[in-house]
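Per-entry structural report
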Amino acid sequence: MAAAEEVDVVVLGMGPGGESVAGELAAAGLSVVGVEARLVGGECPYYGCVPSKMMIRAGNVVAEALRVPGLAGTVQLTPDFSKVAGRIRSEATDNWDDAVAAKRFTDKGGRLVRGTGRLTGPREVTVSTSDAGELTFRARLAVVLNPGTNPTIPSVPGLEGTPFWTNREAVQAESAPKSLAVLGGGPIAVELAQAFTRFGTKVTMVLRGSSLLSRSEPEAGELLAQVFRSEGIKILHNKEVTGVVQSRGRFRLALADSSSGKAPGDGARGSGVSQLSAEKFLVATGRTARLSPLNLAAAGVEWAGPAAPAVDPHMQLTDGVYLIGDAAGEGAFTHMSMYQGNIVAGHILARHAQQQGDSQPPDRGAAESHAVPNVTFTDPEVGSVGLTEKQARDAGLSIRVGLTKLDASTRGWIHKSGNQGFVKIIEDTKTGVLVGATSAGPSGGEVLSALVLAVHARIPVATLKTMIYAYPTFHRAIPEALAALK
């Protein structure tokens, strides 16, 4: 192995948070090596947030056009998926070429190394490259680990070797399939299921459990199930895929009842189905952190998995070794990765200033996770922050819960078609502040912003009740939910 090259910082994984940290530190004059085996920018701009939301935006336009008869007249519509497929290629991903993102980093003074890296000592990283063999870097200040996640692929007989989709293949589709089976009921599953449905795909969802968005408030899953059925999406609850056969351009799935029990009432639909056939098969069963290849033990970090290793308030695993992003375990969201990256960049700059004897930059604070927001970009959107009602009760909190239906609000009534939704809030009665909230509706993610502020800043419920809420807006449902607390 060649002698280690000394640099200030090594960033292992150039997803959103890693790219943000690496770019800021390089622009500040530090010698920064960014290591990436795939695409600079990570999952979000190429296979996740951006292309999927382009699909969703296009599908929502189709849905809005179909609402014209109930509101404004008549319409003739011919959905064309090639429009959104072309936009994803030309506007979002440059046909999955990261040259622009790579240049954005190197123009700031950073050095990009293409390859797979692992820790080989305290603040030491060895990178296996395709063209330069192995390169070793020893960081004077810090190593930032941002390994991200991969789609979780279940162990199903016959699945391996078939051309099934994950989110990565789904966003590269050039046309909407005639039929699509979706395994999973989480955010990726529901977003893509609805988007393809609106371009004419016959979609069947296979859920191991009893509800969509099982980690969210139950009202959210119930709302989406109602909307999905109205749009022609079939949902099979409490099912396992026990076998897969792919031939002659079709997938054939063998199904069996899962061990998670029956859904109550309408949730038991589909219990008699034992086979399913579709042109395409989307596997959306979660994400798995890429922690094992990092060789954390080489830096003195104890980790037995699968849970994320512990970090300090500045995201340090050990002195000078940081972990951010999906693999840190506080939410697999771009905004969380960049939030953590901002704290890490500030901590490294302060370390550098201290070593140089310079005045230290303002402290960027410690990482907090009590108010992590997330939005599922279905129609209606489902935004949430903090704890669900169940999580709050399981934590032993004494709570009050308030819920109001969006269609009962003035704005919801005016909106009419597509006005389904609700605002639900959770108050800790001991502290008098909100510890969780969900906002579902036509602008659920936007309405959520006020609730995120309330939870993050621990604004007293008494203060929230005295605020002025613009009329008639969707966010005016918040004081209605406050009034419903009990």
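Use the structure listed above.
These numbers come from a predicted model, not from an experiment. For every chain, the first residue of the written sequence is number 1, and numbering continues from 1 onward in sequence order. At least 70 in pLDDT is required for a residue's local features to be given in this predicted model, at least 80 for side-chain atom pairs to be given and counted, and no such filter applies to totals for whole chains, interfaces and linings, which use all residues. The basis for every side-chain value is the complete set of heavy atoms in the structure, and neither hydrogens nor water enter the calculation.

Comments concerning the overall build of the protein chain
The numbering of helices and of strands both runs from the N terminus, where a helix is a DSSP run of H or I of at least 4 residues and a strand a run of E of at least 2. Helix and strand counts for the protein chain stand at 15 helices and 22 strands. Rg of the C-alpha trace for the protein chain: 24 Å, near the compact-globule value of 23 Å for 486 residues, within the 12% margin. The proportion of buried residues among the 486 residues of the protein chain is 49%. Pairs of residues are marked as contacts when any of their non-hydrogen atoms sit within 4.5 Å. Within the protein chain, counting contacts between residues at least 6 apart in sequence, those at least 24 apart form 65% of the total. This count recognises Lys and Arg as positive and Asp and Glu as negative, with His and chain-terminal groups excluded. To locate a charge, take NZ of a lysine, CZ of an arginine, CG of an aspartate or CD of a glutamate. Taken as two groups, the 47 positive and 46 negative side-chain charges of the protein chain have centres that lie 7 Å from each other. We compute the radius of gyration from the C-alpha atoms alone; for a globule the expected value is 2.2 Å times N to the 0.38, where N is the number of residues. Only protein chains enter the accessibility calculation, which uses a 1.4 Å probe; a residue is then buried when its area is under 20% of its type maximum, exposed when over 50%, and partly exposed in between.

Some words on helix H10 (residues 334-356)
Spanning 23 residues, H10 covers 33 Å between terminal C-alpha atoms, matching the ideal 33 Å at 1.5 Å per step. Positioned one or two residues after H10, Gly357 has a phi angle of 75 degrees, which is positive. By this rule the span expected of a helix is its residue count minus one, scaled by 1.5 Å.

Things to note about the packing of aromatic side chains
The geometry of an aromatic ring pair is captured by the separation of the ring centres together with the interplanar angle, meaning the angle of the planes. Note on aromatic contacts: the rings of Phe and Tyr and the six-membered ring of Trp form a pair at centre separations within 6.5 Å, being stacked when their planes are under 30 degrees apart, edge-to-face when over 60 apart, and tilted otherwise. Scanning the entire structure with this criterion turns up four aromatic pairs. Centroid distance Phe81 to Phe199: 5.3 Å. Interplanar angle 85 degrees. Geometry classified as edge-to-face. Linking Phe81 in helix H5 (residues 81-92) with Phe199 in the loop between helix H8 (187-197) and strand S9 (202-206), this pair joins segments that are 118 residues apart in sequence. For the pair Phe81 and Phe199, one class covers both residues: buried. Cluster of aromatic residues (ring-pair linked, three or more members): Phe81, Trp165, Phe196 and Phe199.

Regarding the state of the cysteines
Put simply, a disulfide is two cysteine sulfurs that come within 2.5 Å. Counted under the stated rule, the structure contains one disulfide. Paired by a disulfide, Cys44 and Cys49 hold their sulfur atoms 2.5 Å apart. Taking the torsion about the S-S bond as the criterion, the Cys44 to Cys49 disulfide, at about -135 degrees, is left-handed. Take Cys44: its relative accessible area is 13%, and that puts it in the buried class.

A short note on the sheet that holds strand S8 (residues 179-183)
Strand pairing is defined by DSSP finding a minimum of two bridges between the two strands. Read across the sheet, four strands follow the order S10-S9-S8-S14 without closing on themselves; strand pairing throughout is parallel. Every other strand in the sheet has two partners, leaving strand S10 (234-236) and strand S14 (280-283) as the edge strands with one partner each. When the angles between neighbouring strand axes are averaged without regard to direction, this sheet yields 20 degrees. Sheet analysis places S9 next to S10, joined by three bridges and oriented parallel. Bridge assignment links Met205 to a residue of S10, and that residue is Ile235. Every axis in this analysis is a line fitted to C-alpha atoms, fitted for helices over the stretch in contact. Angles between the N-to-C directions lie between 0 and 180 degrees. Relative to the sheet, H8 contacts S8, S9 and S14, its axis offset from that of S9 by approximately 160 degrees.

Focus on the side chain of Thr136
You can see Thr136 is positioned in strand S6 (residues 134-145). A polar side-chain atom of Thr136 sits 3.0 Å from a polar atom in the side chain of Thr126. We define a polar contact as two N or O atoms separated by no more than 3.5 Å, with the added condition that, inside protein, one atom must be a possible hydrogen donor and the other a possible acceptor, whereas residues neighbouring each other in sequence contribute only through side-chain atom pairs.

Structural notes on the pattern of salt bridges
When a carboxyl oxygen of Asp or Glu is within 4 Å of a side-chain nitrogen of Lys or Arg, the pair counts as a salt bridge. For the structure shown, the criterion picks out 29 salt bridges. For Arg140, the salt bridge is made with Glu6, and the minimal N-O distance between the two is 3.4 Å. Residue Arg140 is found in strand S6, and its partner Glu6 is found in strand S1 (residues 5-12); the two are separated by 134 residues along the sequence. Residue classification places Arg140 among the partly exposed positions, given a relative accessible area of 38%. The shortest N-O distance in the salt bridge between Lys390 and Asp394 comes to 2.7 Å. Remark: Asp394 and Lys390 occur in helix H11 (residues 389-394); sequence separation between them is four residues, near one turn of the helix. Of the two residues examined, Lys390 and Asp394, each falls in the exposed class. Bridged by salt links that share partners, the residues Glu64, Arg67, Arg198, Glu231 and Asp379 form one connected network.

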